[in-house]
Amino acid sequence: MTPAQVPEVSREATGTLRRLRLLFWSCAALFCSALATAAPLELRGEQGGGYRPVFEYLVDDDGRYTLADVQQLPPDAFRTSGTRGVALGFIKGAVWLRFDAVNLASAETTWLLQVTDPLLDDIRVYQRAGDGPWQETQLGDHHALAPEAVDSLTPLLQVRPPLDRVTSFYVRIQSKSSMLVDVRLLTARQFYQVSMLSFLSYGAMFGIMVAMCLYNLGLYASLRDTNYLLYVLSISSSGLFLA
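Residues numbered from 1 in each chain as written. Predicted model: local features only at pLDDT ≥ 70, side-chain atom pairs only at ≥ 80, totals over all residues. Heavy atoms only, no water.

1. A closer look at the nonpolar core
Formed by 29 residues in total, the largest nonpolar core has its most connected members in Leu97, Leu113, Ile173 and Val181. If we ignore the near neighbours within four places in the chain, the residues touching Val181 are Phe55, Gly85, Val86, Leu88, Val95, Leu97 and Ile173. By size, the runner-up hydrophobic cluster in this structure holds 7 residues, among which are Leu58, Leu67, Trp96 and Tyr126. (Core = buried A, V, L, I, M, F, W, Y, C linked by side-chain atoms within 4.5 Å. Buried < 20%, exposed > 50% of the residue type's maximum accessible area, 1.4 Å probe, protein only. Contact = heavy atoms within 4.5 Å.)

Written out as C-alpha cells, the structure reads:
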C-alpha cells in the first residue's frame, strides 16, 4: 500500500463503521419498540392519573379497513406511539389503535377507557378477553350514548377486563377535526379526581376571563375607547368557544 492510498482506505473504513453504527442503532430501536408493544399493559390498581398505554397505530387513508382487515396486516404496517399519544392533525381517513391490557388489581374493579380528545366524531372500540368474541362499542359526537359509555366531556367507556387474562383492544377513530390521539385507562375514583382538577382549572380560567371583561368594560365606560370594547368581545368569544 502506497502512502497515497492510506487516506482513501481510512475514509472507506470510517464510512463502513458509520453504516454499521447506524444499522446497530436502528435494530436496537426496533427491538425496544417491539418489547414496548409486545408486553400488555399491567393494571395494578390506582396509580396517579391512570395508565397510558403505548399503542400501535395505523393510518387508514381511505377509511375502508374493517377489524378483520386490520388484523391481517403485517406487523410492520403499524407504528408505535409515545407515552403521550400521537398528533396526526387533519386526515381524511381513519386511524386504528391496538394494545393489550391485563387486570392484576381485582375482578370487581370497573375500569374506564378514556379517549382524551373531546372533539372526535366517530370512535369504535373493539375488545376481546382471551379467545372470546369481539365486542364493539360506538362513541363520539356522531353516535348516541351507548349503554356501556359514560356521559362525559371526553369519550369514556366502562370496561371490565377479567382478572389475570389479557384483554385486547382495537380502536378505530375518524373525525373531521384535528386528531390528537391518546387513550387512558383509569378507575372511577381516578377519573373523579382528574375531573375535579380539570374543573378547577377551567373555573379559574373562566374566572380570570370574566374579571378581564369587567375590568375592560369599566375602562370603556370611563374612556370611551372602542379598543377596550373590542377586547371584551374577543375575550367573550374565546370563552364561548372554550365552553
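2. Considerations on the pattern of salt bridges
Enumeration over the complete set of coordinates arrives at 5 salt bridges. Residues Asp122 and Arg124 are paired through a salt bridge, measuring 3.4 Å at the closest nitrogen-oxygen approach. Ionic pairing is found between Arg172 and Asp122, a salt bridge with its closest N-O pair at 3.6 Å. Placement of the pair is Arg172 in strand E10 (residues 166-174) and Asp122 in strand E7 (residues 122-129), with a sequence separation of 50 residues. One salt-bridge network, held together by shared partners, links Asp122, Arg124 and Arg172. (Salt bridge = Lys/Arg side-chain N within 4 Å of Asp/Glu carboxyl O. Helix = DSSP H or I, 4+ residues; strand = E, 2+ residues; numbered from the N terminus.)

3. A few points about the sheet that holds strand E9 (residues 156-159)
The strand order across the open sheet formed by 3 strands is E9-E6-E12, and the pairing between neighbours is antiparallel. At either end of the open sheet lies a strand with only one pairing partner, and these are E9 and strand E12 (183-187). Strand-to-strand twist of the sheet, defined as the mean angle between neighbouring strand axes without regard to direction, takes the value 25°. Two strands pair when backbone bridges link them, and strand E6 (residues 111-115) and E9 are joined in this way by 4 bridges, in the antiparallel orientation. Residue Leu113 lies in a different strand from E9, and its bridge partner there is Leu157. Lying on the sheet, helix H3 (residues 188-223) is in contact with E6, E9 and E12; it crosses E12 at an angle near 110°. (Pairing = 2+ DSSP bridges. Axes fitted to C-alpha atoms, helices over the stretch in contact; angles between N-to-C directions.)

4. Considering the packing of aromatic side chains
All chains considered together, the criterion is met by 6 aromatic pairs. Positioned above the aromatic ring of Phe78 is the side chain of Arg98, whose terminal nitrogen or guanidinium carbon lies 3.8 Å from the ring centre. Cation over ring: Arg224 sits above Tyr220, and NZ or CZ is 5.7 Å from the ring centre. (Phe/Tyr/Trp six-rings, centres within 6.5 Å; stacked < 30°, edge-to-face > 60°. Lys NZ or Arg CZ within 6 Å of the ring centre and 35° of its normal.)

Taken by themselves, the reported measurements are silent on function.
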